[in-house]
Amino acid sequence: MSDLTPQQTATDSNAVARALRAALNEDWLATAVGLLLVALVLTGVIPTGLVP
């Protein structure tokens, strides 16, 4: 019998690795921005009235 599933090539795995790395970086950037906003609100730099 022949295997009908395509084999991954080196370029496919590199593309997947780059996409995962980009997504991971975006997630951490969003986390850092959120924590920065919370810190600014808690320190009073951003007034409470601006936060819904």
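Thresholds applied
Residues numbered from 1 in each chain as written. Predicted model: local features only at pLDDT ≥ 70, side-chain atom pairs only at ≥ 80, totals over all residues. Heavy atoms only, no water. Helix = DSSP H or I, 4+ residues; strand = E, 2+ residues; numbered from the N terminus. Buried < 20%, exposed > 50% of the residue type's maximum accessible area, 1.4 Å probe, protein only. Contact = heavy atoms within 4.5 Å. UniProt positions renumbered as here; feature names shortened; annotations may be inferred. Patch = residues over 30% accessible without salt bridge, like charges linked within 9 Å, V, L, I, M, F, W, Y side chains within 5 Å. Areas by Shrake-Rupley, 256 points an atom, 1.4 Å probe, with all protein chains shown as cover. Salt bridge = Lys/Arg side-chain N within 4 Å of Asp/Glu carboxyl O.

Caption draft 1: Broad picture of the overall build of the protein. Helices and strands together make up the secondary structure of the protein, namely one helix and zero strands. A burial count over the protein gives 0% of its 52 residues as buried.

Caption draft 2: Up close: the environment of V41. Locating V41 in the fold gives a position in helix α1 (residues 10-43). You can call V41 partly exposed: its relative accessible area is 28%. Along the backbone, V41 and V51 are ten residues apart, and their C-alpha atoms lie at a distance of 8.1 Å. When residues no more than four places from it in sequence are discounted, the contact partners of V41 are I46 and V51.

Caption draft 3: Spotlight on the UniProt feature "transmembrane region" (unreviewed entry) in the protein. Annotation from UniProt places "transmembrane region" (unreviewed entry) at residues 28-51. Secondary structure across residues 28-51 divides into 67% helix and 0% strand, with the first and last C-alpha atoms of the span separated by 22 Å.

Caption draft 4: Examining a nonpolar patch on the surface more closely. Taken together, the side chains of L29, V33 and L37 define a hydrophobic patch exposed on the protein surface, amounting to about 270 Å² of accessible area. Mapping L29 onto the fold places it in helix α1.

Caption draft 5: Quick peek at the environment of L40. As for its position among the elements, L40 is in helix α1. Since its relative accessible area comes to 25%, L40 is described here as partly exposed. The contacts of L40, once residues within four sequence positions are left out, are V45 and I46.

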